[in-house]
Every structure is written in C-alpha cells, then in structure tokens.
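Structural features, examined
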Amino acid sequence: MKKQYMEAGKIVGTHGLKGEVRIDPWCDSAAFLCRLKRLYFADGSEHPVRSAKAHKNIAVVLFDGVTSVEQADLLRGKVVYLNRDDVRLPKGTHFIQDLLGLQVIDADDGTVYGELTEVIKTGANDVYQVTKDGRDYLVPVIPDVVIEKDIDGGVVKIRPMKGIFDDED
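What comes next is a walk through the structure.

In this section: the pairing of strand S7 (residues 103-106). As paired strands, S7 and strand S8 (residues 112-121) are joined by three bridges and run antiparallel to one another. Within the sheet, the bridge partner assigned to Gln103 lies in S8 and is Glu115. Between S7 and S8, which follow one another and run antiparallel, lie five residues, and Gly110 among them has a positive phi close to 80°. Relative to strand S12 (residues 155-158), S7 is paired through four bridges, and the arrangement is parallel. Paired with Ile105 across the two strands is Lys157, which belongs to S12.

Even without being a glycine, Lys56 presents a positive backbone phi close to 60°. Position of Lys56 relative to the elements: it lies in the loop between strand S4 (46-55) and strand S5 (58-63). For Asp133, which is not glycine, the phi dihedral falls at a positive 55°. Looking at where Asp133 falls in the secondary structure, it is placed in the loop between strand S9 (126-132) and strand S10 (135-140).

Another aspect to go through is the pattern of salt bridges. By the definition in use, this model includes nine salt bridges. Measuring nitrogen to oxygen at the nearest pair gives 3.4 Å for the salt bridge that ties Lys121 to Asp126. For Lys121, a relative accessible area of 53% gives the class exposed. You can call Asp126 partly exposed: its relative accessible area is 23%. Residues Lys157 and Glu148 are paired through a salt bridge, measuring 3.7 Å at the closest nitrogen-oxygen approach. Salt bridges sharing partners connect three or more residues here, namely Arg38, Glu46 and Asp86.

Rules and cut-offs
- Residues numbered from 1 in each chain as written.
- Predicted model: local features only at pLDDT ≥ 70, side-chain atom pairs only at ≥ 80, totals over all residues.
- Heavy atoms only, no water.
- Pairing = 2+ DSSP bridges.
- Helix = DSSP H or I, 4+ residues; strand = E, 2+ residues; numbered from the N terminus.
- Salt bridge = Lys/Arg side-chain N within 4 Å of Asp/Glu carboxyl O.
- Buried < 20%, exposed > 50% of the residue type's maximum accessible area, 1.4 Å probe, protein only.

Listed below in structure tokens is the structure:
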C-alpha cells in the first residue's frame with residue numbers, strides 16, 4: 001500500500017542566525033529535497049518552505065515562521081516528510097518505499113522468489129535484495145532481468161540470471 005507521506009530526511013542542526021535548518025536528506029539528494037515547496041512533520045503539520053538550497057550533501061531550509069536560530073534549534077532531530085502529491089517522478093521511476101514488500105516472481109512461469117526487502121544503490125545500477133525463508137538474494141536491476149514493476153499489483157516480474165536463486169551451472 002502506498003503511503004501518502006514519506007520520510008524525506010532529518011533536521012540535524014541549524015545554519016546561520018536567521019532560522020535556517022540543516023536537513024540530512026533520506027531521498028535521492030539534497031537538491032531533490034530543495035525542490036519541495038512544503039514539508040511535513042510526524043504530527044501531520046504542514047510547513048511551507050520559504051527558501052532552500054543544497055550545500056554539499058545537506059539541504060539548508062528556511063521554513064515560514066521560523067525567524068531565529070533559537071526557533072530553528074527547537075526543530076533539531078525532527079524527521080521531515082514529503083507528500084507524494086508534491087512530487088513528479090520521471091516515467092519508469094518509483095519511490096523505493098513503494099517497492100519494498102513487493103513479491104518478486106518469475107515473468108515466465110510465476111515462480112515466487114521472495115519479497116523485495118531492500119534497494120541497494122551501487123552507482124552503475126540498483127540491486128534488489130530479495131528475501132525468502134530467511135535467505136537473501138541479490139538481483140541486478142537491469143532490463144534483461146527486471147521485466148516489469150507493477151506497484152499496484154504488488155509484484156516485480158523478473159527473468160533471473162543463472163545462479164541467483166540456485167546453484168545450477
């Protein structure tokens with residue numbers, strides 16, 4: 001089930017004296033986080049973003065109504081959330097959170113390989129960790145292997161390379 005609000009980062013400190021906070025992004029990048037016009041806290045409260053800029057791997061954000069370093073310091077440690085309606089993803093890309101928990105099945109015969117439990121970023125391509133009966137398997141996310149991602153249907157269809165799920169030659 002898709003969550004409407006997803007964790008996007010954590011406020012790790014203040015920046016300057018005018019109320020800006022530093023957010024460690026848990027999404028693709030600080031630049032991605034800085035494009036959002038509003039963020040949310042765990043209590044559901046909406047916080048419009050007055051300004052945001054990426055500084056190295058941190059987002060420096062000024063929320064409406066936060067005007068001093070003292071006010072900003074009170075936000076330290078809070079997790080910020082994004083609303084999926086505020087984000088437009090390019091075609092064929094998905095939130096990692098939407099992929100977690102999907103059943104991974106064979107595209108040809110429907111064999112269930114397990115549950116997608118983690119997405120590992122490697123640089124060249126992502127790798128899906130698939131878990132079944134307490135055992136983890138690594139599946140490269142490349143077009144020859146990952147055939148279809150059906151988020152609403154709850155499945156990822158694959159054609160695994162030899163050796164991923166068995167010890168056959």
